[in-house]
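# Architecture and fold: a report
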Amino acid sequence: MARTLGLFKTAPPSARFGAAVVVAYGVVAVLAPILAPYGETQVVGVEFAAWSAQHWLGTDDLGRDVLSRLLYGARNTIGIAIITTVLAAVVGGTLGLVAGTLRGWVDQVLGRLVDVLMAVPSLILTLLLLAILGTSTFSMIAIIAMIEATRIFRLARALAYAIGAVDFVTAARVRGEGLVWIIFREVLPNAGAPLIAEFGLRFCFVFLFIATLSFLGLGIQPPAADWGSMVRDNATLISYGQMSPLIPAAAIALLTLAVNLIVDWLVHQASGLRE
Amino acid sequence: MPDFTSMILSRLALGVLTLVAVSAVVFFSMDLLPGDVAQQMLGQAGTPEAVANIRHDLGLDRPIGQRYVAWMSGILHGDFGRSLASGRPIAEIATGRLLNTLFLASFAAVVSIPLSVGLGIVAAFYRRRPADTAINLFTLFAISLPEFLIAYLLIYLFTVKARWAPSLAVVGADTPLPERLHKTVLPVMTLTLAVAAHMTRLTRAAIVNVLASPYIEMARIKGLHPWRVIVRHALPNALGPIVSVVVLNLAYLIVGVVVVEVVFTYPGLGQLMVDSVSKRDVPVVQASCLIFAATYITLNLVADLMSILCDPRS
């Protein structure tokens, strides 16, 4: 942790900006109930009220305070994206490391399964599975985590495969260490940097993906506040020349940009390029 | 030479195999996952007899292998089954919409490919100079924007403020071409912004990668004009990766249309699929999924074949 903080002192302005934005979003997400002037689903006035002292960003299509929903939205949108990414990383990462270390038929079976799942574009596969399972926040998390797990599996497997060929892993094998030891003590410490960068990229992807699904009305279900469905619900205002429905979308874009900037720098750092 | 042929043949065989595997996933996922479609269609009101009737109508009471073979052979003959919601044949509903989607995607491809390859070459030429930095920042920015934000920003700028293009792209089979082009201007701009960023970045990366090789150094030392070094010496060797990036982005376009079609209420296959998901019209979703996946797999295959063909060593 201290090393990471020390690294940030040498970070370029872009990565520092990204880190500042991520921290700010985290604070808003955690403190949403304190910061928000009204409740998440509380109806406080007429529909589509203009910006005013009571409602800084006006009210939405059901008369709820937009600012409050924006703050609570940080909680739901980012929280669900983190849960999904962690789930995907644990499942995909573990299976990938096991497949790459064990090799043999386990590797073959998992590899071919992932090939087939990756041959279908993720949005299309998600739509298919949502049609079968029914739209709910829970099934969305499960489906996206499974799809993202295939991407993380690929990378983790390739890393474990490459590291597994190095002498110190052979030495551990010959010593008679078990699979768990080899994965956690030999392989994982050497695969950390690329896996963390991948986690950041995957988070961006999941976050945008959930926002898109919610925008299509198939993601996070009402009345929970989330940025994708907020755009969808209030989009009619845009044709009257109002920009406020785009604020949640801009919030999505800013966070994605920030994480991308950090990941860019991490990848650059890990690759050892000094260009 | 036989090596070359066998490489292409094995790639083709792999493509066909992938298609078959994906069709199986699309078909069997309905049975593997919890939830009975017949039960769900009827909801609380479904008596056991009514559920059994629907199951029979859908053919759900036959063995699963038999149903898969019947489904696949139907599709190969152009019969995708019937929609649960409207009862109409899916082939009839989907054909016009598929054509609309292909029109939108090709229009976007015609605009975005020359634009992004051009920008990528410019960025590689002026690398680490202001023009490159500007292109780099702009593309990073465009990648971070969700498609629906790009779409609404364009609607705000060009429909509400400039009153220059319509925000609804409702077209029919008999819409004349000029009107069709005018109505799809904003969807195409949205798609272009979404895919051009990736293509530009990867084109630049492919050329910069080649620029590090000694023969480029040689060309420079000979005193060739920098543009000539890029266009005549670097570009041909970067062509393989660029072509495959372009084709892969075409594959992405096919999927990217889903969101854009919903925003602009464009009557394409993507919108049909999203609507059918909300209605839980599983046969229509399966059919659209298979069409999208088949297009995607075919384009991926084309990308692989093109990069093999672009490499004179093979």
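Located above this text is the structure these notes cover.
Each chain carries its own residue numbering, running from 1 in the direction its sequence is written. Labels are handed out in written order, letters beginning with A for the chains and numbers beginning with 1 for the ligands. pLDDT decides what is reported in this predicted model: residues at 70 or higher carry local features, side-chain atom pairs at 80 or more are listed and counted, and totals for whole chains, interfaces and linings draw on all residues regardless.

## Things to note about the overall build of chain A
Across its full length, chain A holds 10 helices and 0 strands. Helix and strand assignments follow DSSP, with helices taken as H or I runs no shorter than four residues and strands as E runs no shorter than two, numbered in order from the N terminus. Helices (α) and strands (β) of chain A occur, in sequence order from the N terminus, as α-α-α-α-α-α-α-α-α-α. The principal-axis extent of the C-alpha atoms belonging to chain A is close to 75 × 50 × 30 Å. Contact criterion: two residues are in contact if their C-beta atoms, reconstructed from the backbone, are within 7 Å. Taking as baseline every contact in chain A between residues at least 6 positions apart, the subset at least 24 positions apart corresponds to 66%.

## Things to note about the nonpolar core
We define the nonpolar core as any set of buried residues of the types Ala, Val, Leu, Ile, Met, Phe, Trp, Tyr and Cys, connected via C-beta atoms lying within 7 Å of each other. Partly exposed residues are those whose C-beta has more than 12 but fewer than 20 other C-beta atoms within 10 Å; with 20 or more the residue is buried, with 12 or fewer it is exposed, and the C-beta atoms are placed from the backbone. The biggest cluster of nonpolar side chains holds 160 residues, and the ones touching the most others in it are Leu127, Leu128 and Ile210 of chain A. Tallying contributions element by element places helix H11 (residues 226-263) of chain B first for this core, with 18 residues. Excluding anything up to four places from it in sequence, Ile210 of chain A contacts Thr77, Ile80, Ala81, Ile144, Gly219, Ile220 and Gly228 of chain A.

## Brief notes about unusual backbone geometry
Following Pro222 of chain A, the chain continues into Pro223 of chain A via a peptide bond in cis, with omega recorded as 10°. Along the polypeptide, Pro223 of chain A turns up in the loop between helix H8 (179-215) and helix H9 (227-234). Its identity as a non-glycine residue notwithstanding, Arg128 of chain B has a phi of 55°, on the positive side. Locating Arg128 of chain B in the fold gives a position in the loop between helix H5 (90-125) and helix H6 (130-144). Look at Arg128 of chain B and you get exposed, because 10 C-beta atoms sit within 10 Å.

## Some remarks on the interface of chain A and chain B
Interfaces are often sized by the amount of accessible area the parts lose when they come together. Contacts between chain A and chain B engage 35 residues on the former and 40 residues on the latter. At the level of secondary structure, the elements contributing two or more residues to the side of chain A that touches chain B comprise helix H5 (122-133), H8 and helix H10 (246-271) of chain A. The biggest single contributor to the side of chain A that touches chain B is H5 of chain A, with 9 residues. In the scheme used here, Gly and all other residues not listed as nonpolar or charged are polar, with Ala, Val, Leu, Ile, Met, Phe, Trp, Tyr, Cys and Pro taken as nonpolar and Asp, Glu, Lys and Arg as charged. Split by residue class, the side of chain A that touches chain B holds 28 nonpolar, 7 polar and no charged.

## Concerning the packing of H11 of chain B against helix H13 (residues 282-310) of chain B
Residue and element names in this part refer to chain B. In the contact formed by H11 and H13, the axes pass within 8 Å of each other and the chain directions differ by 175°. As summarised for this structure, H11 and H13 are arranged roughly antiparallel, according to the angle between their axes. Two secondary-structure elements touch here, H11 through Leu239, Gly240, Val243, Ser244, Val247, Leu248, Leu250, Ala251, Ile254 and Val255 and H13 through Phe292, Thr295, Tyr296, Leu299, Asn300, Val302, Ala303, Met306, Ser307 and Cys310. Across the contact of H11 with H13, the residue classes tally to 15 nonpolar, 5 polar and no charged. Angles shown run from 0 to 180 degrees and are taken between the N-to-C directions of axes, each axis being a line fitted to C-alpha atoms and, for helices, limited to the stretch in contact. Any angle between 65 and 115 degrees counts as roughly perpendicular, while under 35 counts as roughly parallel, over 145 as roughly antiparallel, and the rest as oblique.

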